[in-house]
Amino acid sequence: MNKKILGCTLLFFLLILNVQSQTVIGKWKTIDDVTGQAKSIVEIYEKSGKVFGKVIEIFDKDRKNNLCSNCSGEDKNKPILGLTIIKGLSKEGETFCNGKILDPKNGNLYKCSIVLEAKDKLKVHGYIGISLLGRTQYWFRAK
């Protein structure tokens, strides 16, 4: 009887850990579209029922102190390190959408959707107007 209880308890905790690891929440390594090199770490978090993401690490030492000079509004001339680039996504099924993503390189805000493609692979899609007019990046969970 004790072995069954112990086995069920262990299985329960393994399932919980597995479910928790299958979430967009966490730290993600961004990849440069042109070079294929890792650019930064973005931490995705939930606040007041919405999902946000901020830059918490920049790998290129020459760009660590760059400002978002092309940004507008409250993001204008803010340091990119610490900048919130994913703003206000809400969950619809397995997709997070109806929010924005900021490209600090050009200062543009795009509509955004993200979806967990695999446990450690995040599909990030930014677009103007309709979803077909945009680009997709894949980010990988930071270890």
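Structure: above.
Residues numbered from 1 in each chain as written. Predicted model: local features only at pLDDT ≥ 70, side-chain atom pairs only at ≥ 80, totals over all residues. Heavy atoms only, no water.

Novice: Outline the overall build of the protein, supporting the account with residue identities and numerical values.
Specialist: Within the protein, the secondary structure is distributed over one helix and eight strands. Going from the N terminus to the C terminus, the protein shows its helices and strands as α-β-β-β-β-β-β-β-β. Here the protein holds 143 residues, and 31% of them are scored as buried. In the protein, 35% of the contacts between residues at least 6 apart in sequence involve partners at least 24 apart. Carbon and sulfur atoms provide 56% of the accessible area of the protein, an area that totals close to 9,400 Å². (Helix = DSSP H or I, 4+ residues; strand = E, 2+ residues; numbered from the N terminus. Buried < 20%, exposed > 50% of the residue type's maximum accessible area, 1.4 Å probe, protein only. Contact = heavy atoms within 4.5 Å. Areas by Shrake-Rupley, 256 points an atom, 1.4 Å probe, with all protein chains shown as cover.)

Novice: How would you sum up the nonpolar core? Please name residues and give values.
Specialist: Among the nonpolar cores identified, the biggest contains 23 residues, and Ile44, Ile85, Ile114, Leu122 and Trp139 are the most heavily contacted of them. Looking at this core, the elements that each hand over two or more residues are strand E2 (38-47), strand E3 (50-58), strand E4 (84-92), strand E5 (95-103), strand E6 (108-118) and strand E7 (121-127). In contact with Ile44, other than residues within four places in its own chain, are Val24, Ile25, Gly26, Trp28, Val51, Phe52, Gly53, Ile86, Ile114, Leu122 and Trp139. (Core = buried A, V, L, I, M, F, W, Y, C linked by side-chain atoms within 4.5 Å.)

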